[in-house]
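Here is what each chain is made of, one letter per residue.
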Amino acid sequence: MEDITASVAPRQERRADPAADLRHDSEVSTVSSPSSSSFSDPDHLKKMSKSVPSFLQKEDHDIDTDSCERNNPLGRQTTGSSMTILSSSSGMTSVSSLSGSVMTMYSGDFVEVQGTIQFSINYIQRLREFHIFVVECRDLAPVDSKRNRSDPYVKSYLLPDKTNLGKRKTSVKKKTLNPTFNEILRYRVRMEYLKTQTLILSVWHHDTFGKNSFLGEVDVDLSKWDFDHTQMNHLALKARTLPSIAPLNGRGEMRLAIRYLPQITHSKGVTGEIHIWVKECRNLPLIRAIIDPYVKCFVLPDTSRKSRQKTRVLRRTANPMFNHTMVYDGISEADLTQACVELTVWDRDRLASSLLGGLRLGAGTGRSYGTLVDWMDSGPYEVALWDRMIASPSEWVEDVLPLRMLYSARTALK
């Protein structure tokens, strides 16, 4: 699995005042932001209006054309709020179910969610692999109602870390409502981390020339799963629902300070700078026995690799002291109501880096340069710190903010 934490060599901050109030032992890095014109270009913005870490999916160019992907609602998220899935337990499992039929839109027609899926799951300690054995589906909804048939396949995700761990898919079975797959979908992942995820198994109709159609899904909360249970599970498919959002408690918190310098002279003229001083994190979630955290930063909507800055990795601690300052120049005062600083905390592991939590500092309006975007969703405390920064130019403003899980809201997912 590719390590998405490759470093970008930082350059030193250009200070107007050599006696700036940063600590001598702090780390400082800076990048130039794109011009405001590129921010306000609608075509350019739409290409970049996606959440960290969703833009890191550029290593994988296999973009689905599924017509109904899992989205995150726009707008502010209030502290401690969450959305829930309608769920019920069946035996040893913690699997969501929904009785009755629900209609899903597809190419102007309605496709009824119905049928069942049979599968088993197992963790192979020797290989450190999570195996999903997809056996069959029965009584699926027909997309081609005249011929009473579909071309189904099964797709799996692990949430909330869909970006990092990716999807797996079975082969497509042609012209059948009762496909037999007998295929194993594999993830190479540690057991400790696996128990922080939710497995999503969704069934789709494959359309060679158009958008794929959603036929139903089941989800399994792996934090409550008994991995000694390797028997077959025969479950009813349900309509798509919004994923539950992890509560704020348990994600830890970040102490940081930010400031906006409106008049900084550069080689390209006089522009503004945003300084982000990441001081420390506390009580980060122990998704494995020992974590090695670091912080990654972008100023959205710029999601390019050039915009990415990150701290050093601190080993074997859930309470890291980073004391790292990141600087972004080329930011005008008008950009402050349209841009958003996103900070995400990661655990660096040999297999892959895992998202621990994050926060977004911005106006929280759901819009950027006139375009609806999912990442402009700052909560009340995040908005309050951003407003304090705008109200106090050139001055540091500081707070301790709770970390939360950040979800992608792309309409075409990895």
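All residue numbers refer to position in the chain's written sequence, counted from 1. The model is predicted, so local features are restricted to residues of pLDDT at least 70 and side-chain atom pairs to those at 80 or more, both for listing and for counting; the totals for chains, interfaces and linings are taken over all residues. Processing note: side-chain calculations cover all non-hydrogen atoms of the structure and skip hydrogens and water entirely.

- By the naming in an unreviewed UniProt entry, the protein chain goes by C2 domain-containing protein and is assigned to Characodon lateralis.

A look at the nonpolar core
Right, on to step 1. Core analysis: the biggest nonpolar cluster contains 66 residues, and Phe130, Leu222, Met254, Ile276 and Leu343 have the highest contact counts within it.
Right, on to step 2. Once you skip the residues sitting within four places of it in the chain, Leu222 turns out to touch Ile121, Phe130, Leu158, Leu194, Lys195, Gln197, Thr198, Leu199 and Phe227.
Right, on to step 3. Side-chain atoms within 4.5 Å link the members of a nonpolar core, which is a set of buried Ala, Val, Leu, Ile, Met, Phe, Trp, Tyr and Cys residues. Burial classes follow relative accessibility: with a 1.4 Å probe on protein chains only, a residue under 20% of its type's maximum area counts as buried, one over 50% as exposed, and anything between as partly exposed. With six residues, the next largest nonpolar core counts Phe298, Leu300, Cys340 and Trp375 among its residues. Residue contacts are defined here by distance: any two heavy atoms, one from each residue, within 4.5 Å place the two residues in contact.

Observations concerning helix H5 (residues 380-391)
Right, on to step 1. The numbering of helices and of strands both runs from the N terminus, where a helix is a DSSP run of H or I of at least 4 residues and a strand a run of E of at least 2. Helices are assigned an expected span. That span is 1.5 Å times one less than the residue count. Along its twelve residues, H5 runs 16 Å from first to last C-alpha, staying within 8% of the 16 Å computed at 1.5 Å per residue.
Right, on to step 2. Within H5 the residues assigned to the buried category are Glu382, Val383, Leu385, Trp386 and Met389. Each buried residue of H5 sits inside an arc of 160° when the element is viewed along its axis, so together they form one side.
Right, on to step 3. On the buried face of H5, the contacting elements are strand S12 (253-266), strand S13 (269-282), strand S17 (340-347), strand S18 (354-362) and strand S21 (397-402). The directions considered for the arc are those from the helix axis to the C-beta atoms.

What to know about the side chain of His229
Right, on to step 1. You can see His229 is positioned in the loop between strand S10 (213-221) and strand S11 (233-236).
Right, on to step 2. Among the polar contacts listed, one links the side chain of His229 to the side chain of Asn233, at a separation of 3.3 Å. Any pair of N or O atoms that falls within 3.5 Å is considered a polar contact. Within protein, one atom must be able to donate a hydrogen and the other to accept it, and sequence-neighbouring residues count only if both atoms are side-chain atoms.

A short note on the sheet that holds strand S15 (residues 309-310)
Adjacent strands of a sheet pair through backbone hydrogen bonds, lying either parallel or antiparallel.
Right, on to step 1. Pairing between two strands requires that DSSP report at least two bridges joining them. Pairing is antiparallel across the open sheet formed by four strands, whose spatial order is S15-S14-S17-S18. The sheet is open, and its two borders are formed by S15 and S18, each paired with just one other strand.
Right, on to step 2. With eight bridges joining them, S17 and S18 adopt antiparallel strand pairing. Residue pairing across strands places Val345 opposite Gly357, the latter belonging to S18.

With respect to the sheet that holds strand S8 (residues 180-188)
Right, on to step 1. One open sheet holds the four strands; their spatial order is S8-S5-S4-S11, and the pairing between them is antiparallel. The two strands at the open ends of the sheet, each matched to only one other strand, are S8 and S11. Neighbouring strand axes in the sheet, compared pairwise and without regard to direction, differ in orientation by 25° on average.
Right, on to step 2. The pairing of strand S5 (residues 129-138) with S8 spans seven bridges and is antiparallel. Of the residues in S8, the one forming a bridge with Phe130 is Tyr187. Lines are fitted to the C-alpha atoms to define the axes, a helix being fitted only along its stretch in contact, and any angle between axes, read from their N-to-C directions, falls within 0 to 180 degrees.

What about the pairing of strand S14 (residues 293-300)?
Right, on to step 1. Where burial is concerned, most of S14 is hidden: eight out of the eight residues are buried.
Right, on to step 2. The side-chain alternation of S14 yields two buried faces, one formed by Pro293, Val295, Cys297 and Val299 and the other by Tyr294, Lys296, Phe298 and Leu300.
Right, on to step 3. Relative to S17, S14 runs antiparallel, the two being bridged by eight bridges. The partner of Lys296 across the bridge, within S17, is Thr344.

Details of the pattern of salt bridges
Right, on to step 1. The term salt bridge refers to a pairing of a side-chain nitrogen on Lys or Arg with a carboxyl oxygen on Asp or Glu at a separation within 4 Å. Per the counting criterion, the structure on display carries 19 salt bridges.
Right, on to step 2. Residue Asp219 pairs with Lys238 through a salt bridge whose shortest N-O separation is 2.9 Å. Highlighted residues: Asp219 in strand S10 and Lys238 in the loop between S11 and S12, separated in sequence by 19 residues.
Right, on to step 3. By relative accessible area, Lys238 is classed as buried at 2%.
Right, on to step 4. For Glu280, the salt bridge goes to Arg282, with nearest N and O atoms at 3.1 Å.
Right, on to step 5. Among the residues examined, Glu280 registers a relative accessible area of 14% and is labelled buried.
Right, on to step 6. Residues joined by salt bridges that share partners form a network here, namely Arg190, Arg288, Asp292, Arg315, Asp347 and Asp349.

Here we look at the pairing of S5
Right, on to step 1. Judged by how many residues are buried, S5 sits mostly within the fold: eight of ten residues are covered.
Right, on to step 2. Both strand S4 (residues 116-124) and S5 contribute to a ladder of nine bridges, which runs antiparallel. Note on S5: the bridge partner recorded for Tyr123 is Phe130.
Right, on to step 3. The hairpin formed by S4 and S5 contains four residues between the paired strands, and Arg128 there has a positive phi angle of roughly 55°.

What about the packing of aromatic side chains?
Centre-to-centre distance and the angle between the planes together describe a pair of aromatic rings.
Right, on to step 1. Pairing of aromatic rings covers Phe, Tyr and the six-membered ring of Trp, with a centre-to-centre limit of 6.5 Å; geometry is then stacked below 30 degrees between planes, edge-to-face above 60, and tilted otherwise. Overall, the coordinates contain four aromatic pairs when judged by the stated rule.
Right, on to step 2. Among the aromatic residues, ring-to-ring pairing joins Phe130, Tyr187 and Phe227 into one connected group.
Right, on to step 3. The rule for a charge over a ring is simple: NZ of Lys or CZ of Arg within 6 Å of the ring centre, and within 35 degrees of the ring normal. We note Lys310 situated over the ring of Tyr294; from NZ or CZ to the ring centre the distance is 5.8 Å.

A word on unusual backbone geometry
Right, on to step 1. Geometrically, the link from Leu300 to Pro301 is a cis peptide bond, its omega value of 20° lying close to zero.
Right, on to step 2. One can find Pro301 in the loop between S14 and S15.
Right, on to step 3. The phi angle at Asn148 is positive, at roughly 55°, despite the residue not being glycine.
Right, on to step 4. You can see Asn148 is positioned in the loop between S5 and strand S6 (152-159).
Right, on to step 5. Unlike most non-glycine residues, Asn283 shows phi in positive territory, near 55°.
Right, on to step 6. On the secondary structure map, Asn283 appears in the loop between S13 and S14.

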